[in-house]
Amino acid sequence: LAQKIDPSQESAISQGYNPYLEHNPNSLNPIPEAHIMFRRRVWREIYLQEKQNRPFFVHDKEITKLIIEGVKHGALTPYTDESLTTEISKEQFLENLSLPKEEVLSAEEKALGFTDDAEWGDEMPHAPATTEEDYFLPNEVTTLELMEDVIFDKVSSVLIHDIQTIKLIIPAYKFPTGLRRVVATLRYKDLAAYFDSKPKEAVWVNVRNNAGNIKLTEAFELRLFGSRIVKVENPYNATVDDIYHKTPRAGIMASQQLEEELIELEYFLYEN
């Protein structure tokens, strides 16, 4: 969304300075602080295998494939988390994508006192060279966690979803531990620029009509994805499941209720 700029600031902005970026340099479309009537940070999970999200996950055009290739080629910078303060090296990124490693020794052998660093004669056996088969495929990275600021602009009377980061997650069922793995977090501002630089690859595919394909950035702007709220900013940094942990159904119901509350809040702000 284009922002109205104070004429007194036009000269500074024309020289590359934008005062609105000082508050949040990660905003794709920064909003003047004075225009913000309401702001709340929300975390959502997008399950790419769900029917509504399949246009983001079409074979060979998976959004995860595009992101992974961008990191491998140095076009995207991965971070450890949504604070975006600590970068991940390409080597660590690939390590996060690696398949669970098999133990060299069995549990029985370890119980007998053998260790992985036991002597093997004159030299240690060499680990096999890493191949593409040692990593999860892009279509196995099936969860995205999106962090955004929900903002009501009182000047334009528009509710804005200002996406900040997108996190790549490999689901828990892929691991013997039953714990999911975060591959990396990406700044959405960087992703949007990267997507727009790849018009043929970065596509939301209309599975019923290829003439209806649109850019990935447009699909996010139009909110064409289905998602579940997993956290709303709170003093305890608690997730929905942390608060409503009695049953999985309770967590899902709470997430739906939070979604409805945001919709009701939007109507209230419009009316007032």
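Refer to the structure printed above.
Each chain carries its own residue numbering, running from 1 in the written order of its sequence. Local features in this predicted model are restricted to residues whose pLDDT is 70 or higher, and side-chain atom pairs enter the listing and the counts only when it is 80 or higher, whereas totals over whole chains, interfaces and linings include all residues. Based on all heavy atoms of the structure, the side-chain values leave hydrogens and waters out of the count.

A. View of the packing of helix H2 (residues 63-72) against helix H5 (residues 188-196). Viewed as axis vectors pointing N to C, H2 and H5 meet at an angle of 100°, and their least axial separation amounts to 11 Å. The pairing of H2 with H5 is recorded here as roughly perpendicular in orientation. Judged by residue contacts, Ile63, Leu66, Ile67, Glu69 and Gly70 of H2 engage Leu191, Tyr194 and Phe195 from H5. Residue polarity is assigned by list, with Asp, Glu, Lys and Arg as charged and Ala, Val, Leu, Ile, Met, Phe, Trp, Tyr, Cys and Pro as nonpolar; anything else, Gly included, falls into the polar class. In the contact of H2 with H5, the residues fall into six nonpolar, one polar and one charged. Geometry is summarised by axes, namely lines fitted to C-alpha atoms with helices restricted to the contacting stretch, and by angles between N-to-C directions that run from 0 to 180 degrees. Numbered from the N terminus, helices here are DSSP runs of H or I no shorter than four residues, and strands are runs of E no shorter than two. An angle below 35 degrees is treated as roughly parallel, one above 145 as roughly antiparallel, one from 65 to 115 as roughly perpendicular, and anything else as oblique. We call two residues contacting when some pair of their heavy atoms lies within 4.5 Å.

B. Looking closely at the pairing of strand S1 (residues 36-47). Strands were regarded as paired on the criterion that DSSP finds at least two bridges between them. As paired strands, S1 and strand S3 (residues 143-153) are joined by eleven bridges and run antiparallel to one another. Each bridged residue has a counterpart across the sheet, and for Arg44 the counterpart in S3 is Leu146. Where S1 meets strand S8 (residues 228-232), four bridges bridge the pair, whose relative direction is antiparallel. The partner of Val42 across the bridge, within S8, is Val232.

C. How the structure looks around the sheet that holds strand S2 (residues 78-79). Pairing within the open sheet is antiparallel, and its six strands lie in the order S2-S5-S4-S3-S1-S8. Only two strands of the sheet have a single neighbouring strand rather than two, namely S2 and S8. Against the sheet, H2 makes contact with S2, S3, strand S4 (158-170) and strand S5 (181-187), and its axis sits at roughly 75° relative to S4, the strand it touches most.

D. Structural context of the pattern of salt bridges. Between Lys or Arg on one side and Asp or Glu on the other, a salt bridge is scored when a side-chain nitrogen of the former is within 4 Å of a carboxyl oxygen of the latter. Scanning the entire structure with this criterion turns up 13 salt bridges. Here the salt bridges do not stand alone but share partners, grouping Glu45, Glu82, Glu145, Lys167 and Arg180 into one network.

E. Representation of the nonpolar core within the structure. What is meant by a nonpolar core is a set of buried Ala, Val, Leu, Ile, Met, Phe, Trp, Tyr and Cys residues, joined one to another through side-chain atoms within 4.5 Å. Burial status follows relative accessibility: with a 1.4 Å probe on protein chains alone, a residue under 20% of its type maximum counts as buried, one over 50% as exposed, and anything between as partly exposed. Residues Phe56, Ile63, Phe195 and Phe220 are the most contacted members of the largest nonpolar core, which totals 37 residues. Elements with a contribution of two residues or more to this core: H2, S3, S4, S5, H5 and helix H6 (216-221). Not counting residues up to four positions away in its chain, the partners in contact with Ile63 are Leu48, Phe56, Leu144, Phe195, Leu216 and Phe220. With eleven residues, the next largest nonpolar core counts Phe38, Ile229, Ala254 and Leu258 among its residues.

F. The arrangement of the packing of aromatic side chains in detail. Any pair of Phe, Tyr and Trp rings, taking the six-membered ring for Trp, is counted once the centres come within 6.5 Å. Such a pair is stacked with planes under 30 degrees apart, edge-to-face with planes over 60 apart, and tilted for the rest. Within the structure shown, the criterion is met by five aromatic pairs. Relative to Phe220, the ring of Phe56 has its centre 5.3 Å away and its plane inclined at 50°; by these criteria the two rings are tilted. Here Phe56, found in the loop between S1 and H2, pairs with Phe220, found in helix H6; they are 164 residues apart in sequence, far enough to count as distant. With centroids separated by 5.4 Å and ring planes inclined at 65°, the aromatic side chains of Phe136 and Phe175 adopt a geometry described as edge-to-face.

G. Representation of H5 in the model. Of the positions making up H5, those classed as buried are Tyr188, Leu191, Ala192, Tyr194 and Phe195. On an axial view of H5, the arc spanned by its buried residues comes to 165°, and they lie on one face. As for H5, its buried residues are in contact with H2, S4, S5 and H6. Along the arc lie the directions from the helix axis toward the C-beta atoms.

H. Representation of the side chain of His35 within the structure. Structurally, the position occupied by His35 is in the loop between helix H1 (7-14) and S1. With residues near it in sequence (within four places) discarded, His35 still touches Phe152, Asp153, Lys154 and Val155.

I. Highlighting H2. Counting buried positions along H2 gives seven out of ten residues, so the element sits mostly inside the fold. The complete set of buried residues in H2 reads Ile63, Thr64, Leu66, Ile67, Ile68, Gly70 and Val71. Phi turns positive, to about 80°, at Gly74, one or two residues after H2.

J. Broad picture of the environment of Ser89. Within the fold, Ser89 resides in the loop between S2 and helix H3 (90-96). A relative accessible area of 37% means that Ser89 is categorised as partly exposed. Spatially, the C-alpha atoms of Ser89 and Thr77 are 8.5 Å apart, while their sequence positions differ by twelve residues.

K. Structural detail: the environment of Phe175. With respect to the helices, strands and loops of the structure, Phe175 is situated in the loop between S4 and S5. Exposure remark for Phe175: the relative accessible area of 10% places this residue in the buried category. Taking the C-alpha atoms as reference points, Phe175 and Leu99, separated by 76 residues in sequence, lie 8.6 Å from one another. Setting aside residues no more than four positions away along its own chain, Phe175 makes contact with Pro100, Phe136, Ile170, Arg180 and Arg181.

L. How the structure looks around the side chain of Thr143. Relative to the helices and strands, Thr143 is located in strand S3. Since its relative accessible area comes to 6%, Thr143 is described here as buried.

Any link to function would need more than the numbers given here.
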